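# Breakdown of the fold
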Amino acid sequence: MWGVALPVVAIATAVRLRMNMAGTFPAGMDAGYYPLQARFLLETGSLYLSDLPIFFWLNAGLAKVFLLTTSLGLEDALILASRLLDSVLQPWMAIAVVMCGAAWMRREGHSPARAVLLIAPALIVVLSTPILRMVGDFQKQSLGLVFVAMMVWSMSGALRSPERWRGWIQPVAWLILAGLTHSGTFGAGVVCAGAVLACFAADLALAGRLRLRSVLLSVIGGLVIAAGLIGAMFLLGGQNKANAILSAPAKLFTDPVWQGMRSASNPPMGGAPGMFGPPGMGGPPGMGGAGPGGSEGGSTLALVLVTHIAGLIIIGSMLLTRAGPRHQPARFAVCCGCALAAMAVCSPLLNNEYFQRISIMTPVPLAFAVAGWMSLRTGLIGLASRGVAVLAGVMLALSGVKSGEQHTPGRSLTDEDKVAELREMKRFVPEAERGRTLVVARHGLEFWAGLTFGTFARQQPITRAQAEKFDRVLLITETRGREGMGRGMGPGMGPGGGPGMGGPPGMMDGPPPRFDDDREEMPGLGPRREQARGRVIYEGDWFSIIELDKNQLPETVQTRGRGGPSGNRRQEPRERGARNERR
């Protein structure tokens, strides 16, 4: 089993390292968010933006080790720590999947050689396109999925002796860690755990061994744990994070994704992260580009169909073999529950934007379901079908690796000339003024600017009240550039930003405006004449810096978000003025 798991872990780690180490800054519109938060954690002891803390604790801790043991500066140490954590942690999910499947195979009486079949679910969980799409952008989510995978593995062991309460300590602990890492993966973990327990209860009911008292105690215990965890999220992540989690069910099925699947010419929010097709083209809303498979709506349909067909086949197989002499209730529950969870997280009934964020988690529960299906004892035809599944897993992994080679999400700051100019612009903010300076830029750029300049950072728009907390407010805009690129363009995008540039929910809508724009109103910034009043202190090949006149900023601004999930990580900054005051 280790001969299957460890090579997959090593290959997946190498692929992610290649993706993360490709440039001075890693690819991903949100890649700068993680080292920026860790910087404030090191300097002030608290996060700048309210969020769930575990990944940032790890990032800051590893960066501190680099600062103490190497000659790296703070910025480079933070970026390296972020890259390594994102590359090394997620591939260990393959071990949880393989160990879980190997345990089922041993109880089924298979020879150890049959464990080679588990390479298919191992590849799905670490090298499929949706998983690799998370590199750089979704580092917290990747770590949260590791905790979810560990929870499923430990639940398989706990269900073998469900009456022993000590066996449930590990699953609950892993779910708590997922909840303190990323709210979306916490939701996926709850769906997985609930589906597994429901399938276990159904199996007991079919066998006539279900006790109502045990069900009631399990429900009460689950509600108590969930309430305590949401309370912890409130304390660690802020009120906005807890409110977003509590309000999510009301939004979950509004504006369903199936409406955009009816025609490939009417895709949902720029395409979903598919599992096959030309790699590296799908992604969450606002990343641009068509989804994998050639067409945007088609990629969403392919993901939904593949997952639901596979889930139904797996559940059907488990039901048909349930009456056999080697029936394993724990395997039945985990396999069927994870198949149901995989279908749930990529359901076409989900809200458009929730689907974009949740569907990329599909490979995790699906891998456990496939591992259980691989462990069933079947004849020659069944073995042949599993061989085909292994081949499909290998092809899927190759597609994911190719996706990694082309992985440059829209609006990433990966151009080396841009990075060099951004770092050269740091001289316009003297060290003595950094604690009283706010940098404002379009979404994604503000993270790298804040980290590079050593200042506070905020995504545009900005109001007068927000600016009054600082002595200086610098707006960084993107210029045309020496290559004649359209304003606001990321790699591979058309003039003016191209289609699919909506951005995450509630964030900026469209390409960043420039101050030589002829429009009276600038999206997200209010009236152009008011916002543009400031002093241009730098204008280079790629960027301009405008020191804004705070008195000319609008009292209020309107964003043009699409009204989707509000539980993303960019909450209200905890700005307290000068950095020495924060200490």
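Above this text is the structure in question.
So, here's what we can say about the structure. (Residues numbered from 1 in each chain as written. Predicted model: local features only at pLDDT ≥ 70, side-chain atom pairs only at ≥ 80, totals over all residues. Heavy atoms only, no water.)

On a plain count of helices and strands, the chain comes out with 23 helices and 7 strands. Intrachain contacts of the chain at a sequence separation of at least 6 include 76% that bridge at least 24 residues. Approximately 22700 Å² of the chain is accessible, and the part contributed by carbon and sulfur atoms is 62%. (Helix = DSSP H or I, 4+ residues; strand = E, 2+ residues; numbered from the N terminus. Contact = heavy atoms within 4.5 Å. Areas by Shrake-Rupley, 256 points an atom, 1.4 Å probe, with all protein chains shown as cover.)

Summarising burial for strand S1 (residues 437–441): 5 of the 5 residues are buried, a large majority. Across the two faces of S1 the burial is the same, with Thr437, Val439 and Ala441 and Leu438 and Val440 all buried. Here 4 bridges tie S1 to strand S3 (residues 472–478), and the two strands are oriented parallel to one another. The residue bridging Leu438 from the neighbouring strand is Val473, located in S3. A crossover links S1 with its parallel partner strand S2 (residues 456–459), the connecting element being helix H20 (residues 445–453), and its sense is right-handed. (Buried < 20%, exposed > 50% of the residue type's maximum accessible area, 1.4 Å probe, protein only. Pairing = 2+ DSSP bridges. Right-handed = clockwise from strand over helix to strand, strands pointing away.)

Now for the environment of Pro171. Along the polypeptide, Pro171 turns up in helix H9 (residues 169–179). Judged by its relative accessible area of 5%, Pro171 falls in the buried class. Here the alpha-carbon distance between Pro171 and Ala193, two residues 22 residues apart in the chain, equals 8.9 Å. The contacts of Pro171, once residues within four sequence positions are left out, are Met151, Ser154, Met155 and Ala158.

Pairing is mixed in the open sheet, where 5 strands are placed in the order S2-S1-S3-S7-S6. In this open sheet, the two strands that pair with only one neighbour each are S2 and strand S6 (534–539). For this sheet, the mean angle separating the axes of adjacent strands, direction not counted, is 25°. The pairing of S1 with S2 spans 4 bridges and is parallel. If you follow Ala441 over to S2, its bridge partner there is Gln459. The sheet strands contacting helix H19 (residues 416–424) are S3, S6 and strand S7 (543–548), and the helix crosses S7 at an angle near 30°. (Axes fitted to C-alpha atoms, helices over the stretch in contact; angles between N-to-C directions.)

What follows covers the packing of aromatic side chains. Inspection of every chain in the model, using the stated rule, returns 13 aromatic pairs. When the centroid spacing of 5.5 Å and the interplanar angle of 65° are considered together, the rings of Tyr48 and Phe456 count as edge-to-face. Pair noted here: Tyr48 is in the loop between helix H2 (33–44) and helix H3 (54–69) and Phe456 is in strand S2, with a separation of 408 residues, a long-range link. Assigned by exposure class, Tyr48 and Phe456 land together as buried. (Phe/Tyr/Trp six-rings, centres within 6.5 Å; stacked < 30°, edge-to-face > 60°.)

Here we come to the side chain of Gln466. On the secondary structure map, Gln466 appears in helix H21 (residues 464–467). Here the side chain of Gln466 touches Thr463 through a polar contact of 2.9 Å, landing on its backbone nitrogen. (Polar contact = N/O pair within 3.5 Å; in protein donor to acceptor, adjacent residues only side chain to side chain.)

Glancing now at the state of the cysteines. One pass over the full model with this rule turns up 0 disulfides. Take Cys199: it sits in no disulfide, and the sulfur closest to it among the cysteines is that of Cys336, at 5.2 Å. On the basis of relative accessible area, Cys199 is assigned to the buried category, the value being 10%. Distance from the sulfur of Cys335, which forms no disulfide, to the nearest cysteine sulfur (Cys336) is 5.6 Å. (Disulfide = S-S within 2.5 Å.)

A few words now on the pattern of salt bridges. Following the criterion strictly, the structure yields 14 salt bridges and no others. It is possible to trace a salt-bridge network through shared partners that takes in Glu433, Arg472, Arg535 and Glu547. (Salt bridge = Lys/Arg side-chain N within 4 Å of Asp/Glu carboxyl O.)

What follows covers the environment of Pro363. Within the secondary structure layout, Pro363 lies in helix H17 (residues 363–374). Considering only alpha carbons, one finds Pro363 and Val126, 237 residues apart in sequence, at a separation of 8.3 Å. Setting aside its immediate chain neighbours within four residues, Pro363 contacts Ile124, Val125, Ser128, Pro130 and Ile131.

At a closest axis distance of 8 Å, the pairing of H3 and helix H4 (residues 74–88) adopts a crossing angle of 125°. Accordingly, the angle class assigned to the pair H3 and H4 is oblique. Viewed along their axes, H3 and H4 form a crossing whose handedness is right-handed. Judged by residue contacts, Phe55, Leu58, Asn59, Leu62, Ala63, Phe66 and Leu67 of H3 engage Leu74, Ala77, Leu78, Leu80, Ala81, Ser82, Leu84 and Leu85 from H4. (Parallel < 35°, antiparallel > 145°, perpendicular 65-115°, else oblique. Left-handed = near helix turned anticlockwise from the far one by under 90°.)

Of all 6 residues in S7, 6 are buried; the element is thus mostly enclosed. Covered by surrounding structure in S7 are Phe543, Ile545 and Glu547 together with Ser544, Ile546 and Leu548, the residues of both alternating faces. Of the pairings in the sheet, the one linking S3 to S7 comprises 5 bridges and is antiparallel in character. Within the sheet, the bridge partner assigned to Glu478 lies in S7 and is Phe543. Of the pairings in the sheet, the one linking S6 to S7 comprises 5 bridges and is antiparallel in character. Residue Tyr538 lies in a different strand from S7, and its bridge partner there is Ile545. Taking the residues between adjacent antiparallel strands as the criterion, S6 and S7 are bridged by 3 residues.

The next point concerns the packing of H2 against H20. Axis separation between H2 and H20 bottoms out at 8 Å; the angle between their running directions is 40°. Viewed along their axes, H2 and H20 adopt a mutual orientation that is oblique. In terms of crossing hand, the pair formed by H2 and H20 is left-handed. Along the contact surface, H2 presents Tyr33, Pro35, Leu36 and Arg39, while H20 presents Phe447, Trp448, Gly450 and Leu451. Among the residues forming the contact of H2 with H20, the class breakdown is 6 nonpolar, 1 polar and 1 charged. (Nonpolar A, V, L, I, M, F, W, Y, C, P; charged D, E, K, R; others polar.)

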